[in-house]
Amino acid sequence: MKIFVCVKQIPDPNTVESKLDPATKRLVRTGVSLVLDPGDETTIAAAIKLRDSLGNSELTAISMGPASAQEALRRALAMGVDRAILISDSALAGSDVLGTARTLAAALKRENPDLIFCSTESTDGYTGMVPGAIAEFLGLPQLTFAREINVEGTKAVIKRVTQTGYEVVESPLPAVVTIASGSFEAIYPTMKGIMSARKKPFSQLSLSDLGLDPSQVGEAGAREQVLSIGKAEARAAGQIIKDEGNAAEIIADFLQRHQLL
Amino acid sequence: MDFSLNEEQLAIRNTCREFAEQEIKPRAEEMDRTGEFPYDLIRKMGELGLLGLPFPEEYGGAGADFLSYCIAIEEIARGDAAVAITMEAHTSLGAMPFYLFGTKEQKERYLPPLASGQQLWAFGMTEPEAGSDAGNPRTRAVLRDGHWHINGSKAFITNAGTDISGGVTITAVTGTRPDGRSEITNLIVPRGTPGYIIGNPYRKMGWRASDTRPLTFEDCQVPEENVLGQRGEGFKQFMQILDGGRVAIAALSVGLAQACLDEALSYAKQRRQFGQPISKFQAIQMKLADMAMEIELARLMYYKAAWLQMQGKPYSAEASMAKLFASETAKRAADQAVQIHGGYGFMDEYPVSRYWRNVKVNEIGEGTSEVQRLIIAKHLGC
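Residues numbered from 1 in each chain as written. Chains lettered and ligands numbered in written order. Predicted model: local features only at pLDDT ≥ 70, side-chain atom pairs only at ≥ 80, totals over all residues. Heavy atoms only, no water.

### Details of the UniProt feature "domain: Electron transfer flavoprotein alpha/beta-subunit N-terminal" (unreviewed entry) in chain A
Inference 1: The positions UniProt marks with the feature "domain: Electron transfer flavoprotein alpha/beta-subunit N-terminal" (unreviewed entry) are residues 24–214 of chain A.
Inference 2: Helix makes up 32% of residues 24–214 of chain A and strand makes up 29%, while its end C-alpha atoms are separated by 20 Å. (UniProt positions renumbered as here; feature names shortened; annotations may be inferred. Helix = DSSP H or I, 4+ residues; strand = E, 2+ residues; numbered from the N terminus.)

### What to know about helix α8 (residues 316–341) of chain B
Three or four residues apart is the spacing at which side chains of an α-helix point the same way, because the helix has 3.6 residues per turn.
Inference 1: Between its first and last C-alpha, α8(B) extends 37 Å over 26 residues, near the 38 Å set by a 1.5 Å rise per residue.
Inference 2: Directly after α8(B), the chain includes G342(B), whose backbone phi takes a positive value near 60 degrees. (Expected span 1.5 Å × (residues − 1).)

### Side note on the packing of helix α3 (residues 66–79) of chain B against helix α4 (residues 81–101) of chain B
Residues and elements named next belong to chain B.
Inference 1: For the pair α3 and α4, interaxial distance at closest approach is 7 Å and the crossing angle is 155 degrees. Taken together, the axes of α3 and α4 lie roughly antiparallel to each other. Seen from α3, the contacting residues are Y69, A72, I73, I76 and A77; seen from α4, they are A81, V83, A84, M87, E88, T91 and S92.
Inference 2: The residue makeup of the contact of α3 with α4, split by class, is 9 nonpolar, 2 polar and 1 charged. (Axes fitted to C-alpha atoms, helices over the stretch in contact; angles between N-to-C directions. Parallel < 35°, antiparallel > 145°, perpendicular 65-115°, else oblique. Contact = heavy atoms within 4.5 Å. Nonpolar A, V, L, I, M, F, W, Y, C, P; charged D, E, K, R; others polar.)

### Some remarks on the UniProt feature "domain: Acyl-CoA dehydrogenase/oxidase C-terminal" (unreviewed entry) in chain B
Inference 1: Under the local residue numbering, the UniProt record ascribes the feature "domain: Acyl-CoA dehydrogenase/oxidase C-terminal" (unreviewed entry) to residues 232–380 of chain B.
Inference 2: Across residues 232–380 of chain B, helical content stands at 75% and strand content at 3%; the span's end C-alpha atoms are separated by 28 Å.

### Topic: the confidence of the model for chain A
Inference 1: On average, residues of chain A carry a pLDDT of 91, and 100% of them reach 70 or more.
Inference 2: Mean pLDDT across the secondary structure elements of chain A bottoms out at strand β4 (residues 26–27) of chain A, with 76, and peaks at strand β7 (residues 83–87) of chain A, with 97. (pLDDT = per-residue confidence, 0-100.)

### A closer look at the nonpolar core
Inference 1: Core analysis: the largest hydrophobic core is formed by 113 residues, its most contacted members being L115(A), F117(A), L50(B), L53(B), I76(B) and Y302(B).
Inference 2: When residues of this core are assigned to their parent elements, the largest contribution, 15 residues, is made by helix α6 (residues 234–270) of chain B.
Inference 3: When residues are assigned to domains, this core turns out to be shared by domain 1 (7–120) and domain 3 (236–380) of chain B, each giving three or more.
Inference 4: When residues no more than four places from it in sequence are discounted, the contact partners of L115(A) are M1(A), K2(A), I3(A), F4(A), L50(A), I149(A), V151(A), A156(A), L173(A), A175(A) and V177(A).
Inference 5: Among the nonpolar cores identified, the runner-up in size contains 27 residues, and V97(A), A105(A), A107(A) and A135(A) belong to it. (Core = buried A, V, L, I, M, F, W, Y, C linked by side-chain atoms within 4.5 Å. Buried < 20%, exposed > 50% of the residue type's maximum accessible area, 1.4 Å probe, protein only. Domains from an automatic or database assignment.)

### Details of the UniProt feature "domain: Acyl-CoA dehydrogenase/oxidase N-terminal" (unreviewed entry) in chain B
Inference 1: According to UniProt, the feature "domain: Acyl-CoA dehydrogenase/oxidase N-terminal" (unreviewed entry) maps to residues 6–118 of chain B in the numbering used here.
Inference 2: Between the end C-alpha atoms of residues 6–118 of chain B there is a gap of 29 Å, over a span that is 75% helix and 0% strand.

### Considerations on the state of the cysteines
Inference 1: For the structure shown, the criterion picks out 0 disulfides over all chains.
Inference 2: Left unpaired, C118(A) is separated from the closest cysteine sulfur, that of C6(A), by 3.8 Å. (Disulfide = S-S within 2.5 Å.)

### Section: the pairing of strand β11 (residues 166–172) of chain A
Residues and elements named next belong to chain A.
Inference 1: Summarising the sheet, strand β10 (residues 155–161) and β11 pair through 7 bridges and their orientation is antiparallel. Across the sheet, the residue bridging to V157 is E170, located in β11.
Inference 2: The loop that links β10 with its antiparallel partner β11 comprises 4 residues. (Pairing = 2+ DSSP bridges.)

### With respect to the sheet that holds strand β8 (residues 115–119) of chain A
All names here are of chain A.
Inference 1: Read across the open sheet, the 9 strands follow the order β11-β10-β9-β12-β8-β1-β6-β7-β13; overall the sheet is mixed. On the outer flanks of this sheet lie β11 and β13 (202–205), each paired with one strand and no other. Strand-to-strand twist in this sheet, taken as the mean axis angle between neighbours without regard to direction, amounts to 30 degrees.
Inference 2: Note that strand β6 (residues 58–64) and β7 share 5 bridges and pair parallel. Across the sheet, residue S63 finds its bridge partner in β7, namely L86.
Inference 3: Strands β1 (2–6), β6, β8, β9 (142–152) and β12 (175–179) of the sheet are contacted by helix α1 (residues 38–54), whose axis makes an angle of about 155 degrees with β8.
Inference 4: Running at roughly 145 degrees to β6, helix α3 (residues 97–109) makes contact with β1, β6, β7, β8 and β13 of the sheet.

### Here's the deal with the interface of chain A and chain B
Inference 1: Opposite the 11 residues of chain A that make contact, chain B presents 21 residues.
Inference 2: Of the roughly 1,500 Å² buried where chain A meets chain B, counting both sides, 59% is carbon and sulfur surface.
Inference 3: Considering only the side of chain A, the residues that lose the most area to chain B are Y188(A), M191(A) and M195(A), jointly responsible for 51% of the buried surface there.
Inference 4: Inspection of the chain A/chain B interface yields 3 salt bridges.
Inference 5: Here E8(B) makes a salt bridge to R198(A), at a shortest N to O gap of 2.5 Å. (Buried area = accessible area lost by both parts, 1.4 Å probe. Salt bridge = Lys/Arg side-chain N within 4 Å of Asp/Glu carboxyl O.)

### Some remarks on the pattern of salt bridges
Residue and element names in this part refer to chain B.
Inference 1: Scanning all chains against the criterion turns up 36 salt bridges over all chains.
Inference 2: A salt bridge links E23 to K44; its shortest N-O distance comes to 2.8 Å. Highlighted residues: E23 in helix α1 (residues 7–34) and K44 in helix α2 (residues 39–48), separated in sequence by 21 residues.

### Observations concerning the side chain of N226(B)
Residue and element names in this part refer to chain B.
Inference 1: By secondary structure assignment, the location of N226 is in the loop between β7 (212–223) and α6.
Inference 2: Residue N226 is classed as buried on the basis of its relative accessible area, which comes to 5%.
Inference 3: Sequence-distant contacts of N226, that is, excluding residues within four places in its chain, are made with Q106, Y110, N186, L187, I188 and P190.

### What to know about the domain arrangement of chain B
Residue and element names in this part refer to chain B.
Inference 1: When the domains of chain B are assigned, the result is domain 1 (7–120), domain 2 (122–231) and domain 3 (236–380).
Inference 2: On a C-alpha basis, the centres of domain 2 and domain 3 stand 30 Å from each other.
Inference 3: On the domain 3 side, the residues contacting the 15 residues of domain 2 number 12 residues.
Inference 4: For the pair domain 2 and domain 3, the summed buried surface comes to about 1,100 Å²; carbon and sulfur atoms form 67% of the total.
Inference 5: The interface formed by domain 2 and domain 3 contains 0 salt bridges.

### Considerations on the packing of α3(A) against helix α4 (residues 130–138) of chain A
Describing two packed helices takes the angle between their axes plus the distance from one axis to the other.
All names here are of chain A.
Inference 1: Viewed as axis vectors pointing N to C, α3 and α4 meet at an angle of 50 degrees, and their least axial separation amounts to 8 Å. Looking at the two axes, α3 sits oblique to α4. Note on packing geometry: the crossing formed by α3 with α4 is right-handed. Contacts between α3 and α4 involve V97, L98, T100, A101, R102, L104, A105, L108 and K109 on the former and, on the latter, V130, A133, I134, F137 and L138.
Inference 2: Its residues assigned to classes, the contact of α3 with α4 comprises 11 nonpolar, 1 polar and 2 charged. (Left-handed = near helix turned anticlockwise from the far one by under 90°.)

### Things to note about the confidence of the model for chain B
Inference 1: On average, residues of chain B score 97 in pLDDT, and 100% of them reach the 70 mark or higher.
Inference 2: Predicted complex metrics record ipTM = 0.90 and pTM = 0.89.

### Brief notes about the packing of aromatic side chains
Inference 1: Across all of its chains, the model carries 15 aromatic pairs over all chains by this definition.
Inference 2: An aromatic cluster is built from F55(B), Y59(B) and Y99(B), whose rings are joined through pairwise contacts.
Inference 3: The ring centre of F202(A) lies 4.8 Å from the NZ or CZ of R74(A), which sits over that ring. (Phe/Tyr/Trp six-rings, centres within 6.5 Å; stacked < 30°, edge-to-face > 60°. Lys NZ or Arg CZ within 6 Å of the ring centre and 35° of its normal.)

### Focus on the side chain of H149(B)
All names here are of chain B.
Inference 1: Inspection of the secondary structure puts H149 in strand β3 (residues 147–158).
Inference 2: Only 3.3 Å separates the side chain of H149 from the side chain of R144, close enough to count as a polar contact.
Inference 3: Reaching out from H149, the side chain makes a polar contact with the side chain of D219 at a distance of 3.0 Å.
Inference 4: Setting aside chain neighbours within four positions, we find H149 in contact with R140, A141, V142, R144, D219, C220 and Q221. (Polar contact = N/O pair within 3.5 Å; in protein donor to acceptor, adjacent residues only side chain to side chain.)

Next comes the structure, spelled out in structure tokens:
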């Protein structure tokens, strides 16, 4: 099986205080340390697990980003991914969800994938819309919030996380599947993986390789516009319940209202 | 001259740093308190390939260079010195002799389980009465009927007594050389050999979760072919083993010193006295600046010694300089880290108290500071 995992390089959420540029209204990405999205690391772990259980399968990591994104892909290779594709082109700068998904879908289409893994959302932008858009561009079914995934014959079967538990959902292959955060244990790159990462196939594609027109992507093709940015509201103070014999009831009501019970 | 690390060296450093931060550091206090050997951590390190870093893939290693291995030791030591010494003693002293001097059969037989971390191996050189005078062991081995009959004892041996220890390679006197000096041969003694007695673990000031024991050999018999490499090469072999080990111990010291600086800096920034963080006082700043400077210098020195080793150039003097300077740097760093913490630094809840206890042996193990100075002086022509 040909399995793909879409990954992204982002400002290190553990060391970088995220800043927004008031002029461009975008996340500042220069002068900060960049890492493979930690969310993608668990998605890679899920994909590796499936590849190993299926046997006779190849796992490819694919990313759209500047040249520096190859470091994120090298980490994916060190973790055990078999091959990597980087789509890099100056015309891609400023791509919105639509442009990003269009680009990734164009590259994926050339590969005839059986299964495409994505994280539910990135740890920097958090739109959570790219996987759905990729599925749409490719005309593939999409399985979301998977906490477990298996392939049975020509079907993908997942356990889809819900607010109260999970539902079992299946779809024919090929399909796009998003992994629910925290469902798989992150894995470290192995030392052998690090030493062999540079020997694994790594290809770099430009827009012309994909047959895309610069007007369809990047700043030029963006349909999304950030109108304004503002500070998130400070978290409101908690509610203190004085027990006058009915505290348990009030707490139970509160939990139920928030669908926690 | 290029001081930058290559892609693999950087990736190994970053992965080890993450592993130490997430898996080792949170357990360090408990490991120190209980002194229990962290089998699960060692198993995980084996799975990641950390216990066979500098050995080629054909023997199950990761095929990393010597500097990468030392950098890994530094990062693991930043998490915990006891875990780092377990990794260092296993790699530099346990497995490396097989790789450097073993016959093809010995490498094929012993290295793969060691490189994967399924087994640990020890090196037995120090004796109750042969410490710095390691070229004068009392342990004797006599060849009779195709077997070496070993009698003697070893002291302060790391990794010999864990549940996954495969055995020990020991130095023993096997005869007299034509010049009248002792002929020393290194012998491979698998665990379970009758007459090989593993003593109880020592109670130690630091490095508590590492396995350190006395070993006794009472007419312990191993087959004639259990000579590591060639008979009579023992002295030359262990001098070479110690050179490599010293660079790794320098790296371990730098990791421990860095941990001292990390703790002291973060404490100095949040501890307030006289209305401001104590990091704003020059008295504290001088200490932190000195720590940072010495750590950087110690790191550069072990990088250089490792680089010389990788170039196949002589590096014995540089290895001693690196080990000496790094271990003394770490001792000063631990001392100042406790001082910056004031009374809290004397309390066991604060990691610097543990660092202070852990650091002392860095000036003793794998050649005391005094022996390092003698080696350097010898290279000066004294």
